[in-house]
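# Per-entry structural report
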Amino acid sequence: MKRISLLCFFFFSITLNAQNTTKISLKQGDGIRIMAADSSAFMRLRVWFQPMYMVSKPLTDNGKWTSYAGVQRARLNFTGWIHSPKLTYHLQPMMAAPELRSGIDATAQQEGYTGKVLLDAALKWKFHPNFELWVGQERTRGSYEGFLPAFAMQLVNKSQFNSMFNYNRDIGFQLLGSYGDKFVIRPQLRWTLGDGRNIVTNNNGGFQYMARVEVLPFGKFNEVFNTDFKREPTPKLAIGATLDFNHNAARQKGNAGRFMVDDEGNQFYSNVFTFLADAVFKYQGFSANSAFAVRTVERSELGFYEAVGFHLQGGYLLENNYEFAFRYGIVAPIGRKVAPGSREYLIGVSKYINGHPLKVQTDIGLIRNTVFQRTVLQYRFQIVAGF
């Protein structure tokens, strides 16, 4: 937190001292924009946070009501370009305690027993009209829900399906291509260390390799955000498919989950294979996304997660900017069935005051652990505020 405070102080000191030589603008939802006087650099800073309240009650075993309140997320998001608009960057630290916490287990050891402050730190070079190279630690477009920014969710949080099958942030290289305008094809390749973000030790095991292709048969649209704010006048569809191989993965879910070690600290490894197919649809205020995934491992007897899952979510945005949404998801363990299985049933309501950067959201639903046959009733309320 001290480092975050120093970063903010440094940034605002530069801003105040440079008012006579740079172009500065501020607009709610679009952040602070700063353009160098000689146009040699550009920066946009966006700040947002999510206070959340949650109550839950197990419906089995005579469970009692429990409650939680806190700031679930708080982030600074720096984007812009250096030297040329073809060389962009993305830097995103986080400040909320639930995201920063670290433990004392093997995973915390790999992370240096430090708070996980850094989310993204990447350079992006558009070296060709159809291709862009990302270098550093960054999200991956392995799935539409996984790539969705946390402030732009249709419900209070992402799904149980995403928790199991999401491709975690990692450090390495990503090559993204895009062809066409009315019919769009986007091939993507990714090569990373395969251990996840903020790892301070030497590389564990092998590397992670990913290939993905996306097709937008009816032309470009904002397939990244769930809600159809543009109320697309014609149907829009995005379809994606991902193949991922994590060679000698050291963590339960490939590059996420706990590191697999025995009581003496010896590291276990397993090859992890994941296939995921998903789609996004938008038309006149209605939006929907669905996904299917399967993950297999070579050594599930050691505790590596094998599972198959399905996810479906949709919503309709009214003219007064209220949106009603639903979610259904299932994750089922396969193989030796050591992975947690779940079913998720949610309905929610959002009021968008200024799009995603300023909104109020609430949802209620059932989360069922299919392994232990335990069902929890859950209600959540949150505010997302940012500029």
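Residues numbered from 1 in each chain as written. Predicted model: local features only at pLDDT ≥ 70, side-chain atom pairs only at ≥ 80, totals over all residues. Heavy atoms only, no water.

## Brief notes about the overall build of the protein
We count it as follows: Each helix is a run of H or I in the DSSP string that is no shorter than four residues. Each strand is a run of E no shorter than two, and both are numbered from the N terminus. In this setup the radius of gyration rests on C-alpha atoms only. A globule is expected at 2.2 Å times the number of residues raised to 0.38. The method behind every accessible area is Shrake-Rupley, applied with a 1.4 Å probe, and residues are considered shielded solely by the protein chains displayed. Lys and Arg are tallied as positive, Asp and Glu as negative. Neither His nor the chain termini are counted. Charged groups are reduced to one reference atom each: NZ for lysine, CZ for arginine, CG for aspartic acid, CD for glutamic acid.
Scanning the protein for helices and strands turns up five helices and 18 strands. In terms of C-alpha radius of gyration, the protein reaches 21 Å, essentially the compact-globule figure of 21 Å for 387 residues. A principal-axis box enclosing the C-alpha atoms of the protein has dimensions of 65 × 50 × 45 Å. As displayed, the protein has an accessible area near 18500 Å², and 62% of this comes from carbon and sulfur atoms. Here the protein contributes 44 positive and 29 negative side-chain charges, whose respective centroids are spaced 5 Å apart.

## Description of the side chain of Gln-137
Just so we agree on the cut-off: In protein, a polar contact requires one atom able to donate a hydrogen and another able to accept it; more generally it is a pair of N or O atoms within 3.5 Å, and residues adjacent in sequence count only if both atoms are side-chain atoms. Note on definitions: a residue-residue contact is assigned when non-hydrogen atoms from the two residues lie within 4.5 Å.
Topologically, Gln-137 is positioned in strand 7 (residues 131–138). Within the structure, the side chain of Gln-137 is placed 3.0 Å from the backbone nitrogen of Asn-198, a separation counted as a polar contact. Not counting residues up to four positions away in its chain, the partners in contact with Gln-137 are Leu-118, Leu-119, Asp-120, Ala-121, Ala-122, Asp-170, Ile-171, Arg-197 and Asn-198.

## A word on the side chain of Ser-159
Here is the rule: Burial classes follow relative accessibility: with a 1.4 Å probe on protein chains only, a residue under 20% of its type's maximum area counts as buried, one over 50% as exposed, and anything between as partly exposed.
The residue Ser-159 is located in the loop between helix 4 (144–147) and helix 5 (160–165) in this model. We classify Ser-159 as buried; its relative accessible area is 4%.

## Notes on the packing of aromatic side chains
Under the convention used in this document: For Phe, Tyr and Trp, where Trp contributes only its six-membered ring, two rings pair if their centres lie within 6.5 Å, and the inter-plane angle classes them as stacked under 30 degrees, edge-to-face over 60, or tilted in between.
Scanning all chains against the criterion turns up 13 aromatic pairs. Aromatic side chains Phe-229 and Tyr-352 sit 4.9 Å apart centroid to centroid with 85° between the ring planes, which places their arrangement in the edge-to-face category. In this pair, Phe-229 sits in the loop between strand 10 (208–216) and strand 11 (236–249) while Tyr-352 sits in strand 16 (residues 342–352), placing the two residues 123 residues apart along the sequence. Ring centres of Tyr-328 and Tyr-345 lie 5.5 Å apart, and the angle between their planes is 50°; on these two criteria the pair is classed as tilted. Of the two residues, Tyr-328 sits in strand 15 (residues 322–333) while Tyr-345 sits in strand 16, which places them 17 residues apart along the sequence. Tyr-345 gets classed as partly exposed once you look at its relative accessible area, which sits at 37%.

## Considering the pairing of strand 3 (residues 41–58)
This is how the line gets drawn: DSSP bridges decide pairing: two strands pair if at least two such bridges lie between them.
Bridging between strand 2 (residues 31–35) and strand 3 involves four bridges; their strand directions are antiparallel. Residue pairing in the sheet places Ile-32 in a bridge with Leu-45 of strand 3. Joining the antiparallel neighbours strand 2 and strand 3 is a turn of five residues, in which Ser-39 adopts a positive phi near 60°. Pairing of strand 3 with strand 4 (residues 66–82), which is carried by 16 bridges, proceeds in the antiparallel orientation. Among the inter-strand pairings, Ala-41 is bridged to a residue of strand 4, identified as Ile-82.

## Overview of the environment of Leu-26
Mapped onto the secondary structure, Leu-26 falls in strand 1 (residues 23–27). Residue Leu-26 is classed as exposed on the basis of its relative accessible area of 61%. Taking C-alpha positions, Leu-26 is 36 Å from Leu-346, a pair spaced 320 residues apart along the chain. Among all residues touching Leu-26, those that are not within four sequence positions of it are Gly-31, Ile-32 and Phe-387.

## Here we look at the nonpolar core
Keep this limit in mind: In plain words, nonpolar cores are sets of buried Ala, Val, Leu, Ile, Met, Phe, Trp, Tyr and Cys residues tied together by side-chain atoms within 4.5 Å.
Counting twelve residues, the largest nonpolar core consists of Phe-161, Met-164, Phe-165, Tyr-167, Met-210, Leu-276, Ala-291, Ala-293, Tyr-305, Ala-307, Val-331 and Ala-339. The leading source of residues in this core is helix 5, at three residues. Ignoring sequence-local partners within four residues, the contact set of Ala-339 consists of Met-164, Tyr-305, Glu-306, Ala-307, Pro-333 and Val-371.

## Thoughts on the pattern of salt bridges
Note the cut-off: Salt bridges are identified by distance alone: a Lys or Arg side-chain nitrogen within 4 Å of an Asp or Glu carboxyl oxygen.
On inspection of all chains with the given rule, the structure shows twelve salt bridges. When the shortest N-O distance is used, the salt bridge between Arg-141 and Glu-214 registers 3.0 Å. Of this pair, Arg-141 sits in the loop between strand 7 and helix 4 while Glu-214 sits in strand 10, placing them 73 residues apart in sequence. Overall, the relative accessible area of 10% leaves Arg-141 in the buried class.

## Focus on a nonpolar patch on the surface
This is how the line gets drawn: Think of a patch as exposed residues, more than 30% relative accessible area, with no salt bridge, where like charges cluster within 9 Å and nonpolar side chains (Val, Leu, Ile, Met, Phe, Trp, Tyr) cluster within 5 Å.
Residues Tyr-53, Leu-243, Phe-275, Phe-292, Phe-310, Leu-312, Phe-326, Ile-347, Ile-364, Tyr-379, Phe-381 and Ile-383 make up a contiguous nonpolar surface patch of roughly 1000 Å² in combined accessible area. Broken down by secondary-structure element, the contributors of at least two residues to the nonpolar patch are strand 14 (307–317) and strand 18 (374–386). Take the nonpolar patch: its biggest share by element is three residues, from strand 18. Tracing the backbone through its elements, the reader meets Ile-383 in strand 18. According to the relative accessible area criterion, Ile-383 is partly exposed, its value standing at 33%.

## Some points on the pairing of strand 4
Inspection of the sheet shows strand 4 paired to strand 5 (residues 84–93) by five bridges, in the antiparallel sense. Considered in strand 5, the bridge of Thr-79 is made with His-90. Linkage of strand 4 to strand 5, two consecutive antiparallel strands, is achieved through a turn of one residue, within which His-83 is found at a positive phi near 70°.

## Overview of the environment of Phe-42
Along the chain, the position of Phe-42 falls in strand 3. Between the alpha carbons of Phe-42 and Asn-198 there is a distance of 27 Å; along the sequence they are 156 residues apart. Excluding its chain neighbours within four sequence positions, the residues that come into contact with Phe-42 are Arg-33, Ile-34, Met-35, Thr-79, Gly-80, Trp-81 and Tyr-89.

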